[in-house]
Every structure is written in structure tokens, then in C-alpha cells.
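A closer look at the structure
Now for the letters of each chain:
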Amino acid sequence: MDKAAVTTVQDLVQPTIRATNVNIYYDDTHAIKDVNLDIPPKAVTALIGPSGCGKSTFLRSINRMNDTIPSCRMTGQITLYGDDIYDKKIDVVQLRARVGMVFQKPNPFPKSIYDNVAYGPRIHGLANSDADLDNIVFNSLQKSGLWDEVKDRLDTPGTALSGGQRQRLCIARTIAINPEVILMDEPCSALDPIATAIIEELITELKERFTIVIVTHSMQQAARVSQKTAFFHLGKILEFGDTSEIFTNPKVEKTKDYITGRYG
Amino acid sequence: MNSILLIFVLIVIATTSFIVGRRRALHSVGGIIKDLHSLPNHYGWFSALAGFLPGLIIILIWIMFGGTLVDNITLAALGEEIRNLSDFDRTLYMNDIRNLAVQDAISRPVTETLKSAAQYYSRTQENIFWIFALSAIGISTVSAFFGIKKVSPELRSRNLLERLILYFLVVCSAIAILTTVGIVSSLIVVTLRFLEHVPLTDFLFGLKWSPQTALRPDQVGSSGSFGSIPLFAGTLLITLIALFIALPVGLLSAIYMTEFAKPKARAFFKPLLELLAGIPTVVYGFFAALVVAPAIRSSGEAIGLEIASESALAAGLVMGIMIIPLISSLSDDVISAVPQSLRDASYGLGATKTETILNIIIPSALPGIVSAFLLAASRAIGETMIVVMAAGMAANLTANPLEAVTTVTVQILALLTGDQEFDSAKTLSAFALGLALFAITLFLNFIALKIVRKYQEQYD
């Protein structure tokens, strides 16, 4: 039943990210089981599913953040534009510059707003001059919709902003290194509805430039912002397809139950 | 019968009262505990304390004021000529009576008057004690009786006990605070006496420390000079050397422990490092005097330097080793307290481990690290043993770490050990040094605490 339910997206020429037979273990816990997934470029792919189903674990495996957890092991293959990201030749530092990440809890550095955004460009040497760096910071804050709110206080601490502003600062910080993919791990779960609406709007704008993968607990959010949706359950993908399709006409009973709120 | 026995009797009263009170509470509701306002044990404790506390208070009064009371009664019974003695002589006389009463050696020939006075003293003491003891037992019994009588299902003994615990905690913290106040004020009083001998400016800004004073007016000798600058300079020099060693080693080992070490390695290294903190300072002193100082000296000779066998460098190095665990375990705590989310954010942006440590973790943990540093500094300033053994006693005013220097604590030790006249400037100067040292470490601790407090507010 599982195999039949997984809709691989054949209509795309080349997916940005392709996961093949991915298995992830924490010590003896088998967190991700045989996941195959193609993530299309310049679109928002939502990963939904009940708590503990492995969606965050899978998301973190795309930029190898799981490497920082000693007990975590992985088999299978994940490719980014055809490059195996778990290949020995791949530099994890460069990979993370190509695949940026926004976390559940807004986590600005205890530095100024400017330094928060400039952090990535500085360590990757993306700016050749101070004016260059100013430019990157300006563009990133502009794209994240934060510029008008913070332009007069770039030297105040990023931690002093409100929750929604902090999260947009974290998004600005991520787009400052100009990644190809942005991973978002429940970016709105710590925010109020208004801040959430602003971020969702931002996500919709950002997909014009970036490939976005978002983990979310909110069905409505997945429906609003994403074009593709993958439904995770107990470490497996039960269903993957166009968001409109999944939400209106789910093929798997479990998906339907989850989406209609019968459990989860 | 003595005070210990008396307390034992009170405990017996309290225990009985506990049992009776508890049983009375249970009886009053026919054994159905939920009909009681509080648990049966609460009633037991209520009754027990009703029996114990009044007696305890009377014993405390006896301990605090009993001696004075007995003295005064004895004095009143003594003749007119004793009462008319000067305060000082009367105190001496009373001392002799007391000592004679316990058959100790006294400062004057034993006369009949003195003997009878001592006997009178012993008798009075015994009588007064009995008055106190009997009234303690009596009041406790009465109070226990009334306490037990008060026990009823409506009595909120649980709440009363809660309040009593609060008072008890307040008393405990008051003891700590009052002790500090007492120590400081006694330091201040003696320091003021010292300042009658030596002007404050000489003490604070004088460049020469040589506390030898003439013992007799006709003695040829120096009148002593009490400039504390060389001592504080020596302290500062040794402290700086110690921190110069301990800060990098301690901080870097903390970084290794928190950021790099695998759990197994951490479990092995951390207790080992903290073992350093358990070594008595006198052992560090041996090590400094017998291993480090000769090693420095011989390596100095190898490159043609003349180095004293006691040097600031030897003491400072070993003191640095001593405070490594302090810095590393405090830094370890603050570095671990940096939220994992900040590390994730930095790694997520493609930073390496070192970049993350340098740009994110150390700046975030900096206030905590600074306060660890200041606490370590006040520890180093107060350290005595290592300096006595490795740096010497010579109060040289020098910035050369290869010379012998001395520190404030070492001089205090030197001034107060051995036979001393209590009212000479030499002895009194120890208290002035102690007060100055206290002021400095208090200041450092104060800053450290301020920084820690500010730091704690930083995340969320």
C-alpha cells in the first residue's frame, strides 16, 4: 500500500533535491524508513504529519545538521542538483551555505541586527568591501520585509526585536548567504497569527528565488503556502503530491484522517 | 546536670508531646485522617515544638547571659575594694576567680579571700543554672500541655508549621549575614586603632613595608614603616602571573570539554581536571617550592640569568595551576548554558566549529567568563600557602617576576604568628591589611556577581 501511495513527480525535468531510500537511526530508533522524495525547484514543499513522525529529522538531513548529533546514523542517498550530499568529497560547510535553514524558535545571535545578517557573508567571504557587505545586508533585510522596520536601528541587538521580527531576521540571515534551498522547521510555531501571516506572505515571495522545504504542524499553513505536500507517518512518507490534490482528494485513508483533524 | 543533659530532657518532652499530640488529633476524628485539617504528623510536630521551643529559648538565654549574671552576683558579694577597682583590674580579678573555680592556673597567689570567692562563684553558678534548668523544663511542660490541648481537627497546624519553617530559614540566613557583619566590624574597629599609630596615607601610599617596631622605648631600632604598596604590588604581580596561566588553559580546556570532547572523553577528563581543585594548597606549596622554583632557577642559570630560589614566577605559576579548575568549571557552565539553538543557527549558516566558537559561543558566554575570571582573581589574591612557600617574605617593590616578593596574606600570617603584643602597630597592621584585602575581594566579587546577573537576563 505504501509503495503505491508514493507519487513520484515525473513531470519535473530535474528535482532540486532527490532523496532515495533514506533511512535514519538514532541509536536503535529507526526514525526515517525508506523515504523517497523529489523536491521541485522554486516551489514550496511542505512536510506534514503528526508529532514524532520524523519530518524534522528528514529536513535536518538535507543540510546534514544531523551530523552534529553523535547518535544519528543515515543510509541511502540525498542529492542536491545531482550531487550526493553525503559524498566524502562534499564539504559540509559549503553544503550548508547552499542549503540554508530557519529554525522553529527564532534564534538571532546576541549581536546587532547588522551583524546577524552579515554573519554568513563574512564567514563565507561573500563581500569584497564594506560597501558590498552593506549592500548584502540591505538586500537581505529588504527581501525579508524587515528593512523599513529596522533601518534606523541596525546596531541594536537582534534579540531585542519582537518574535515575528526575530524570525524574519533569521530568514534575512539565511538569504544573505544566497542559498539555493531554504529549509524551514516550523518557522511560525512560536509566533502569533499576525506575525505568522507576514512570514507566510514572505515565504510565498521567496519561492520565486529559492527552493523552500517547510515542516509545519498547521494544515492551513501547508495549504496556504505550499505547492507540494508530503505526508509523513511513523517515519514513512504515506503520500506525496500537489498540495491542492492532497488537501482535496487524498488517496490514503490516514492522510485524509490527519488532514480532516481526526487524529494527529 | 549540664546544658546537654537539659536539652536531652527537652527532647524527651518534645517526643512525648509529639506522640500524644498526634494521637489526640487522630482520636478527635475517630481515625479518619481526611477529617483533620492537616496530617496527623503535623499535629505531632506542632505539639512537639510547643514543648521544645520555650525551653530552648530559656537555654539560649542562659548560654548568652548566664555568665554575666553569675559574674555580677559574685561581684556584688565581694568586698567594696574589689568593686572599686578599675575596669581592667576588675576583669582580671574575675578571670582569676573563674579560673580558680575550675582549678585552672591563675595569675596571682591563691589567698583565702580568692578561694572563698571562687567557691561562692561555683555555688552561684550551679544555683542559677538550676533555676534556669527547672524553669526551662517547667515552662516546656506547661507549653507542651497547652499545645496538645489546642490540637483539634480545625487547628491549621500545617500552616503554622509552614510559618515556623519560614522563621527558621530567616534565622539561618540572618546568622550568615550577621557573621559577616561581625567579622567586618571587628576588622574595622582594630583598623581604627592601627590608624592611631600610623596615618592612613602612610599605610595606603607608603612604598616601604618593614613592620618591625621597637619593643621598649629605650630600644634602638626602626620605628617601623607600614607602606602597603609593596605588598599589594606583590599580590598583584603573583595574581597576574596566575591568571595569565589559568585563564587560557582553563578557558580552552572548558571549550574542549563542552564543544569537542565526546561524552566518554568528557566523563574521563572532567573529574580529572576537577581533582586539581581538591589538592590542598599546602601540597601545591610543596610542589612550588621543591619542584617549580628549582626548575625555574636551573633553567634560568642555563640561559645565564640569576634567579632567586624564591620567586614570584614560581608562586604565580603554581597558583595558576591551582585556579585552572575554578576557571574551567565555571566557564564550562556558562558555555554549556549558551543555547544549542545559537550553535545550530551558526552551523546552519555554514560556519565551522572554530568560527562558531569564536564568533558566537565566546561572545555569548563572555560575561560569564569574565565573572569566572574575577572569582578566580579573588581566589588568587586571597591565597597564602603557595606564596609563603614559594615567593618568600621579602617585601620588594618590583615588577620583575624573577625576584622574591611577598603578598598581603603572607604578611598577615607573619604578623600574627608567634608571640605578639596585641597593642603594637605591628600586630594591628595585620587587621588593616585584612580589611584592605577584604575590600578588594569584595569589590571583585561584587563586579563578578553584577556581570553574572546581567548575563542571566540575556537569553529570553
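Report follows, based on the coordinates. Computed from a prediction, not measured in an experiment: that's the story for all the values here.

All right, on to the pairing of strand 2 (residues 29–39) of chain A then. All names here are of chain A. Judged from the seven bridges that link them, strand 1 (residues 17–26) and strand 2 form a sheet pairing that is antiparallel. Within strand 2, the residue paired with R18 across the bridge is D38. Where strand 1 hands over to strand 2, the hairpin turn is made up of two residues, of which D27 adopts a positive phi near 45°.

The interface is formed by 18 residues belonging to chain B together with 24 residues belonging to chain A. For the chain B and chain A pair, buried surface summed over both sides reaches about 1700 Å², with 62% attributable to carbon and sulfur atoms. For chain B, the biggest contributors to the area lost against chain A are B:D344, B:G348 and B:L349; these three give 33% of the whole. Counting across the chain B and chain A interface gives one salt bridge. One salt bridge in this structure joins B:D344 and A:R60, with 3.8 Å as the shortest N-O distance. The interface formed by chain B and chain A includes four residue pairs in polar contact (both at pLDDT 80 or more). The element contributing the most residues to the side of chain B that touches chain A is helix 12 (residues 340–348) of chain B, with seven residues. Across the side of chain B that touches chain A, the residue classes tally to six nonpolar, nine polar and three charged.

We now examine unusual backbone geometry. All names here are of chain A. The backbone of N178 shows a phi angle near 50°, a positive value even though the residue is not glycine. Along the chain, N178 turns up in the loop between helix 7 (163–175) and strand 7 (181–185). For L234, which is not glycine, the phi dihedral falls at a positive 50°. As for its placement among the helices and strands, L234 is situated in the loop between strand 9 (228–233) and strand 10 (236–242). Judged by its relative accessible area of 58%, L234 falls in the exposed class.

A few words now on the sheet that holds strand 5 (residues 83–84) of chain A. Residues and elements named next belong to chain A. Within the open sheet, the four strands sit side by side as 2-1-4-5. Their pairing is antiparallel. In the strand order of this sheet, the two ends are held by strand 2 and strand 5, each with one partner. Packed onto the sheet, helix 2 (residues 55–62) meets strand 1, strand 2 and strand 4 (72–80) and runs at close to 60° relative to strand 2.

With that out of the way, let us pick up the packing of helix 1 (residues 3–28) of chain B against helix 5 (residues 112–150) of chain B. In a pair of packed helices, the angle between the axes and the distance between the axes together describe the arrangement. Residues and elements named next belong to chain B. Interaxial distance between helix 1 and helix 5 falls to 10 Å at its minimum, and their mutual angle equals 10°. By the angle between their axes, helix 1 is roughly parallel relative to helix 5. Of the residues in helix 5, those touching helix 1 at S3, L6, V9, L10, I13, S17, V20, G21 and R24 are F129, A133, A136, I137, S140, T141, A144, I148 and K149. In the contact of helix 1 with helix 5, the residues fall into eleven nonpolar, five polar and two charged.

Residues and elements named next belong to chain B. As for its placement among the helices and strands, A376 is situated in helix 13 (residues 353–382). The spacing of A376 and L247 is 129 residues in sequence and 8.9 Å in space, taken between C-alpha atoms. Beyond its immediate stretch of four places on either side in the chain, A376 contacts L243, I323, L326 and I327.

As for its placement among the helices and strands, B:S311 is situated in the loop between helix 10 (281–302) and helix 11 (312–337). In contact with B:S311, not counting residues within four places along its chain, are B:A390, B:A391, B:P401, B:L402, B:E403 and B:A404.

Let's shift gears to the nonpolar core. Membership of the largest hydrophobic core comes to 53 residues, with the highest contact counts inside it found for B:F194, B:I238, B:M319, B:I323, B:I386 and B:L433. Elements represented by at least two residues in this core include exactly helix 6 (157–197), helix 8 (229–260), helix 10, helix 11, helix 13, helix 14 (385–390), helix 15 (408–416) and helix 16 (425–456) of chain B. Counting residues per element, this core draws most heavily on helix 11 of chain B, at nine residues. Counting 51 residues, the second largest nonpolar core, distinct from the first, contains A:A19, A:M65, B:L251 and B:Y347.

Here we take up a nonpolar patch on the surface. Residue and element names in this part refer to chain B. Together, I279, V282, V283, F286, F287, L290, V291 and M385 make up a nonpolar patch on the protein surface, roughly 650 Å² of accessible area in all. With six residues, helix 10 is the single largest residue contributor to the nonpolar patch. By the element assignment, L290 lies in helix 10.

Parameters at a glance
Residues numbered from 1 in each chain as written. Chains lettered and ligands numbered in written order. Predicted model: local features only at pLDDT ≥ 70, side-chain atom pairs only at ≥ 80, totals over all residues. Heavy atoms only, no water. Pairing = 2+ DSSP bridges. Helix = DSSP H or I, 4+ residues; strand = E, 2+ residues; numbered from the N terminus. Contact = heavy atoms within 4.5 Å. Buried area = accessible area lost by both parts, 1.4 Å probe. Salt bridge = Lys/Arg side-chain N within 4 Å of Asp/Glu carboxyl O. Polar contact = N/O pair within 3.5 Å; in protein donor to acceptor, adjacent residues only side chain to side chain. Nonpolar A, V, L, I, M, F, W, Y, C, P; charged D, E, K, R; others polar. Buried < 20%, exposed > 50% of the residue type's maximum accessible area, 1.4 Å probe, protein only. Axes fitted to C-alpha atoms, helices over the stretch in contact; angles between N-to-C directions. Parallel < 35°, antiparallel > 145°, perpendicular 65-115°, else oblique. Core = buried A, V, L, I, M, F, W, Y, C linked by side-chain atoms within 4.5 Å. Patch = residues over 30% accessible without salt bridge, like charges linked within 9 Å, V, L, I, M, F, W, Y side chains within 5 Å. Areas by Shrake-Rupley, 256 points an atom, 1.4 Å probe, with all protein chains shown as cover.

Nothing here speaks to function; it is all geometry.
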